[in-house]
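Each chain, written out:
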Amino acid sequence: MLMDPQLGSPCNSDHGRCPEAETCEAGEALMRRCEDALRLAGLRPTQQRQQLSRILFGNGNRHITADVLYAEAVATGMKISQATIYNTLNQFVELGLLRQIGVDGSRSFFDTNTTVHPHFFYEDEGELVDVPDVVAFDQLPEPLPGYAMERIDVVIHLRRTRQG
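Sequence order as written defines the numbering, with residues in each chain counted from 1. The predicted nature of this model means local features are confined to residues of pLDDT at least 70 and side-chain atom pairs, given and counted, to a pLDDT of 80 or more, with totals for whole chains, interfaces and linings taken over all residues. Calculation of side-chain values draws on the structure's entire complement of heavy atoms; hydrogens and water are dropped beforehand.

Comments concerning the packing of helix α3 (residues 66-75) against helix α4 (residues 82-95)
Where α3 contacts α4, the axes come no closer than 10 Å and their chain directions differ by 120 degrees. Compared by their axis directions, α3 and α4 come out oblique. Relative to α4, α3 is oriented so that their crossing is right-handed. Of the residues in α4, those touching α3 at Ala66, Asp67, Leu69, Tyr70 and Ala73 are Gln82, Ile85, Tyr86 and Leu89. Fitted lines through C-alpha atoms give the axes, limited to the stretch in contact for helices. The angle between two N-to-C directions lies from 0 to 180 degrees. The way it works is that DSSP assigns letters per residue, a run of H or I at least four long becomes a helix, a run of E at least two long becomes a strand, and they are numbered from the N terminus. Each angle receives one of four descriptions, namely roughly parallel if under 35 degrees, roughly antiparallel if over 145, roughly perpendicular if within 65 to 115, and oblique otherwise. A crossing counts as left-handed when the near helix is turned anticlockwise from the far one by less than a right angle, and as right-handed when that turn is clockwise. In this description, contact between two residues means that some pair of their heavy atoms is separated by no more than 4.5 Å.

Set out below in structure tokens:
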């Protein structure tokens, strides 16, 4: 897994661009770990994968869609196709570097924080954020025979209320 509690969010927690992201010690460690994970999985750390890694992991924890990643990559001058974006995101999910979170049948976010944690999805803004408090369940169903519970994904959909 790429992120660990000691490295956490290497640059800042407000999801803004850190001017030191590509040179700070924690940022460099994240890039090396991503390269190592790619090699371990038999994937070459190509220039495109490395550039996408910097965009994904160089800003601390974030929730990003494929379209936003594509726009950010193009804004940095990368020549890349949307298919490559999707393929790379899916490869990173398979490697455990990202966690894919489906908020509805047609939209997915990719979370750089791969720990199991709940999310709020703001329907009106189309934004996914971490729930700041612990979510507890009093009772969970027993898994079907032959299955074990792997994790619980919780996405709480929020819509702005109309003020009367």
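Here's the deal with the pairing of strand β5 (residues 127-130)
Where strand β4 (residues 119-122) meets β5, 4 bridges bridge the pair, whose relative direction is antiparallel. What sits directly across from Phe120, in β5, is Val129. In this structure, the hairpin formed by β4 and β5 is closed by a connection of 4 residues, where Gly126 is found at a positive phi of approximately 70 degrees. Whether two strands pair depends on DSSP finding at least two bridges between them.

Brief notes about the sheet that holds strand β3 (residues 107-111)
Taken in spatial order, the 3 strands make up an open sheet running β1-β3-β2, and their pairing is antiparallel. Every other strand in the sheet has two partners, leaving β1 (63-64) and β2 (99-104) as the edge strands with one partner each.

Some details on the side chain of Arg49
As for its placement among the helices and strands, Arg49 is situated in helix α2 (residues 47-57). Buried means the residue's accessible area, taken with a 1.4 Å probe over protein chains only, is under 20% of the maximum for its type, while exposed means over 50%, and partly exposed covers the values in between. Charge assignment in this entry is limited to Lys and Arg as positive and Asp and Glu as negative, and neither His nor the chain termini are counted. Whenever a carboxyl oxygen of Asp or Glu lies within 4 Å of a side-chain nitrogen of Lys or Arg, that contact is scored as a salt bridge. Buried charge without a salt bridge: Arg49, with Glu94 as the nearest opposite-charge side chain at an N-O distance of 10 Å. For Arg49, the side chain forms a polar contact with the side chain of Gln91, separated by 3.3 Å. If we ignore the near neighbours within four places in the chain, the residues touching Arg49 are Leu38, Leu43, Arg44, Thr88, Gln91 and Phe92. Between N or O atoms, a polar contact is any pair within 3.5 Å; within protein, one atom must be a potential hydrogen donor and the other a potential acceptor, and residues adjacent in sequence are included only when both atoms are from side chains.

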